[in-house]
Amino acid sequence: MNTSKKELVKQRLEQMQQKFAETLPQRFQEIIQAWKSWSEEENENGLELLYRQVHSLAGSAGTFGFVELGQKIREVENTLYTLREWNKPATPSEKQGIY
């Protein structure tokens, strides 16, 4: 790949990273809303929605170079995964760790 193509790829990646960064406030709000809804009722559908939103953000964060965010949100994802798979209510400390 010649220099100009490398530069174009680099510029495109930077644009995608910027667009991703711009979506973060909305994505965080959606996750917070899903968490509030689930934490009040702890129903299976709410947990599934919360898990999917967190899972999506965890994967995207790493892809777009937000490594630390990806690592932190992956920890939340792992907790949610365990709750989902074991079909058990969250303890207060698990809820605190998620929020």
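Just so we're clear, the structure is a prediction, and the values are computed from it rather than from any experiment. (Residues numbered from 1 in each chain as written. Predicted model: local features only at pLDDT ≥ 70, side-chain atom pairs only at ≥ 80, totals over all residues. Heavy atoms only, no water.)

Caption draft 1: Examining the overall build of the protein more closely. What the protein contains, in helices and strands, is four helices and zero strands. Counting from the amino terminus, the protein carries its helices and strands in the arrangement α-α-α-α. For 99 residues, the compact-globule formula gives about 13 Å, and the C-alpha radius of gyration of the protein, at 17 Å, lies well above that figure. Along the first, second and third principal axes, the C-alpha set of the protein runs to 55 × 20 × 20 Å. (Helix = DSSP H or I, 4+ residues; strand = E, 2+ residues; numbered from the N terminus. Rg over C-alpha atoms; globule rule 2.2 N^0.38 Å.)

Caption draft 2: The arrangement of the packing of aromatic side chains in detail. Evaluation of the coordinates by the stated rule reveals three aromatic pairs. Considering the side-chain rings of Phe-20 and Phe-64, the 5.1 Å spacing of their centres and the 20° angle between planes classify their relative orientation as stacked. Taken as a pair, Phe-20 in helix 1 (residues 3–41) and Phe-64 in the loop between helix 2 (44–63) and helix 3 (67–86) lie far apart in primary sequence, 44 residues in all. An identical accessibility class is assigned to Phe-20 and Phe-64; each is buried. Put simply, the rings of Phe-20, Phe-64 and Phe-66 pair up and form one aromatic cluster. The lysine or arginine in question, Arg-84, covers the ring of Tyr-51, its NZ or CZ lying 4.2 Å from the ring centre. (Phe/Tyr/Trp six-rings, centres within 6.5 Å; stacked < 30°, edge-to-face > 60°. Buried < 20%, exposed > 50% of the residue type's maximum accessible area, 1.4 Å probe, protein only. Lys NZ or Arg CZ within 6 Å of the ring centre and 35° of its normal.)

Caption draft 3: Region of interest: the environment of Leu-47. Residue position: Leu-47 is located in helix 2. In sequence terms Leu-47 and Arg-84 are 37 residues apart; their C-alpha atoms lie 7.0 Å from each other. Apart from the residues lying within four places of it in its own chain, the contact partners of Leu-47 are Trp-38, Leu-80, Leu-83 and Arg-84. (Contact = heavy atoms within 4.5 Å.)

Caption draft 4: View of the pattern of salt bridges. According to the stated counting rule, one finds four salt bridges in the structure shown. Where Glu-48 meets Arg-52, a salt bridge forms, and the shortest distance between an N and an O atom there is 3.8 Å. Of this pair, Glu-48 and Arg-52 both sit in helix 2, four residues apart, which is roughly one turn of that helix. Look at Arg-52 and you get partly exposed, because its relative accessible area is 48%. (Salt bridge = Lys/Arg side-chain N within 4 Å of Asp/Glu carboxyl O.)

Caption draft 5: The arrangement of the confidence of the model for the protein in detail. When pLDDT is averaged along the protein, the result is 87; 91% of the residues meet or exceed 70. Mean pLDDT across the elements of the protein bottoms out in helix 4 (residues 92–98) (68) and peaks in helix 2 (91). (pLDDT = per-residue confidence, 0-100.)

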